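This is what each chain is made of:
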Amino acid sequence: MASGTSMICSLCGERAILSQRYSGLHLCREHFIQDFERRVAETLQKRNMVREGDCIAVAVSGGKDSTALLFSLSRVLVEIDVELVAVTIDEGIAGYRDDTIVAAKAIAEQLSLEHHIVSFREEYGLDLDEMVSGKRVAPCTYCGVFRKSALNRAAKRLGADKVATGHNLDDEAQTVMMNYLKGDIERLLRFRPWRAQKGLVPRIKPLQEIPEKEIALYCMVNDVFVQSRECPYANLSLRADVRDMLSGLEREAPGTKLSAVQGFEKIVAMAQGSYSQMDLAACQRCGEPCVKELCKACELLGSLRSGSNQ
Ligand code: SF4
Ligand SMILES: [Zn+2]
Ligand SMILES: [Zn+2]
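Cut-off values and rules
- Per chain, residue numbering runs from 1 following the sequence as it is written.
- All chains are assigned letters beginning at A, and all ligands numbers beginning at 1, according to the order in which they are written.
- Totals for whole chains, interfaces and linings use all residues, but because this is a predicted model, local features are given only for residues with pLDDT of at least 70 and pairs of side-chain atoms are given and counted only at 80 or more.
- Here the side-chain values reflect all heavy atoms present in the structure, with hydrogen atoms and water set aside.
- Helical segments are the DSSP runs of H or I of at least four residues, strand segments are the runs of E of at least two, and each set is numbered from the N terminus.
- The reference for a compact globule is 2.2 Å times residues^0.38; the radius of gyration itself is calculated from the C-alpha atoms.
- Here, two residues are considered to be in contact whenever any of their heavy atoms come within 4.5 Å of each other.
- A 1.4 Å probe and the Shrake-Rupley method give the accessible areas. Residues count as covered only by the protein chains that appear here.
- His is not counted, nor are the chain ends, whereas Lys and Arg count as positive and Asp and Glu as negative.
- For this purpose, a charge sits on NZ of Lys, CZ of Arg, CG of Asp or CD of Glu.
- In this analysis a donor is any N, O or S atom within 2.8 Å of a metal ion (3.2 Å for sodium, potassium and calcium), and since water is not included, sites may seem incomplete.
- Just to be clear on the cut-offs, tetrahedral is four donors with all angles between 85 and 135 degrees, square planar is four donors and octahedral six with opposite donors over 155 degrees apart and all others between 65 and 115, and anything else goes down as irregular.
- Burial classes follow relative accessibility: with a 1.4 Å probe on protein chains only, a residue under 20% of its type's maximum area counts as buried, one over 50% as exposed, and anything between as partly exposed.
- Between 30 and 60 degrees the pair is tilted, below 30 it is stacked and above 60 it is edge-to-face, where a pair is any two Phe, Tyr or Trp rings, Trp via its six-membered ring, whose centres lie within 6.5 Å.
- A pair is scored as a salt bridge if a Lys or Arg side-chain nitrogen falls within 4 Å of a carboxyl oxygen belonging to Asp or Glu.

A word on the overall build of the protein chain. On a plain count of helices and strands, the protein chain comes out with 12 helices and nine strands. For 310 residues, the compact-globule estimate of 2.2 N^0.38 gives 19 Å, and the C-alpha radius of gyration of the protein chain, at 20 Å, lies within 12% of that figure. Projected onto its principal axes, the C-alpha coordinates of the protein chain cover approximately 65 × 45 × 40 Å. Partitioning the intrachain contacts of the protein chain with sequence separation of at least 6 by distance along the chain shows that 74% fall at a separation of at least 24. Element-wise, carbon and sulfur atoms account for 50% of the exposed surface of the protein chain, whose accessible area totals about 16,000 Å². Here the protein chain holds 40 positive side-chain charges and 42 negative ones, and the gap between their average locations is 5 Å.

So, about the coordination of the zinc ion (ligand 3). Within the first shell, the zinc ion (ligand 3) binds the protein through Cys283 (SG), Cys286 (SG), Cys295 (SG) and Cys298 (SG), at distances of 2.3 Å. Geometry at the zinc ion (ligand 3) is tetrahedral, judged from the four donor atoms that bind it and their angles of 107 to 114° at the metal.

The subject of this paragraph is the environment of valine 291. Position of valine 291 relative to the elements: it lies in the loop between β9 (289–290) and α12 (296–306). As a C-alpha pair, valine 291 and isoleucine 267 span 24 residues in sequence and 24 Å in three-dimensional space.

Let's shift gears to the coordination of the zinc ion (ligand 2). Around the zinc ion (ligand 2), the protein contributes the donor atoms Cys9 (SG), Cys12 (SG), Cys28 (SG) and His31 (ND1), at 2.0 to 2.3 Å from the metal centre. Note that the zinc ion (ligand 2) binds four donor atoms; their angles at the metal cover 101 to 114°, and the shape is tetrahedral. Positions of the donor residues of the zinc ion (ligand 2) along the chain correspond to the pattern C-x2-C-x15-C-x2-H. Pair check on accessibility: cysteine 28 and histidine 31 agree, each one buried.

Applying the stated criterion across every chain, the model contains eight aromatic pairs. An angle of 75° between the planes, with centres 6.0 Å apart, marks the rings of phenylalanine 32 and phenylalanine 36 as edge-to-face. Of the two residues, phenylalanine 32 and phenylalanine 36 are both situated in helix α1 (residues 29–46); the distance of four residues between them amounts to about one turn of the helix. Here phenylalanine 32 matches phenylalanine 36 in class, with each residue buried. Summarising the aromatic geometry, the rings of phenylalanine 120 and tyrosine 124 are spaced 5.9 Å apart at their centres and angled 85° between planes, so their arrangement reads as edge-to-face. Of this pair, phenylalanine 120 and tyrosine 124 both sit in helix α4 (residues 120–124), four residues apart, roughly one helical turn. We classify phenylalanine 120 as buried; its relative accessible area is 0%.

Positionally, valine 242 belongs in helix α10 (residues 238–252). The buried category is assigned to valine 242, whose relative accessible area is 3%. Counting along the chain gives 67 residues from valine 242 to threonine 175, while the straight-line C-alpha distance between them is 8.9 Å. Leaving out residues up to four positions away in the same chain, valine 242 has contacts with Gln174, Met177, Met178 and Leu181.

A word on the pattern of salt bridges. Going through the model one piece at a time under the given rule, you end up with 21 salt bridges. One salt bridge connects arginine 153 with glutamate 123, and the closest N-O pair in it is separated by 2.9 Å. Within this pair, whereas arginine 153 is found in helix α6 (residues 139–157), its partner glutamate 123 is found in helix α4, the two being separated by 30 residues in sequence. Judged by relative accessible area, which is 14%, glutamate 123 ranks as buried. A salt bridge links lysine 156 to glutamate 288, with the shortest nitrogen-to-oxygen separation between them at 2.8 Å. Of this pair, lysine 156 sits in helix α6 while glutamate 288 is found in the loop between β8 (281–282) and β9, placing the two residues 132 residues apart along the sequence. In the salt-bridge network here, residues are joined through shared partners; they are Asp35, Arg38, Arg39, Glu42 and Glu214.

What is shown is where atoms sit, not what they do.
Set out below in structure tokens:
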């Protein structure tokens, strides 16, 4: 972010609001917005994320990432025949999700978009709080599995062609690093979506090359309301430690997060073909795509009911 008052935009000489250390540019409000939206458009194009006529279910939690996602997509795709539908997953996290749902509603309404709310309770019979209460389990693992499944189910009901999520560069760098740390490279490569799978709505991440800090700034300069409350479970994961480590490295060497993600993309490109993508089957209980007989959500629900993870 800009420090001091003397910094000027590298492109027009106006007062800069952002110093992009990794690009060496200083940007004013207008050029920052342009730069942000250009990068979103480039990511969409580079990865063939969107086609004319697509209906895109945009996962909107009400936090800054998904708010910026919905806002920027509505601007970048304004001249393309694409329908955006906002979908909010209510995991059932007391003291957190209710506020963010209000924010999600507000941004969908501001952009005049259809908005659907899908809850864990309706889909699976339990709130996240109930699933994890009194158990020695990582809430984020449950949350991630059920959210992915609920989003896929909702997208299919809405007839969406894609699901867009607000994962940013920081999230992507953390995921790459976490998989390295867990030695999970093979699994990561196998599940790389090289081709469409039956029953699985393709997922796109248009903000995957944009740093978290710039996303917050984008919301701020566009004056979109953002709920900044943090999930009470957020610090209980390996991700939180990896996030702190990567932020420290980024301070020392600007560009580290981007090179972690781009380096992984190179490995993926080199490995393409060495690991065949598995064909997914349909879960015997709920019909969602899965690798084994049951999908991960049904497997977890089963263990919750039998109490095998107390
Ligand atoms: S921090 Fe974890 S539990 Fe909270 S919303 Fe995110 S994934 Fe879910
Ligand atoms: Zn400028
Ligand atoms: Zn299932």
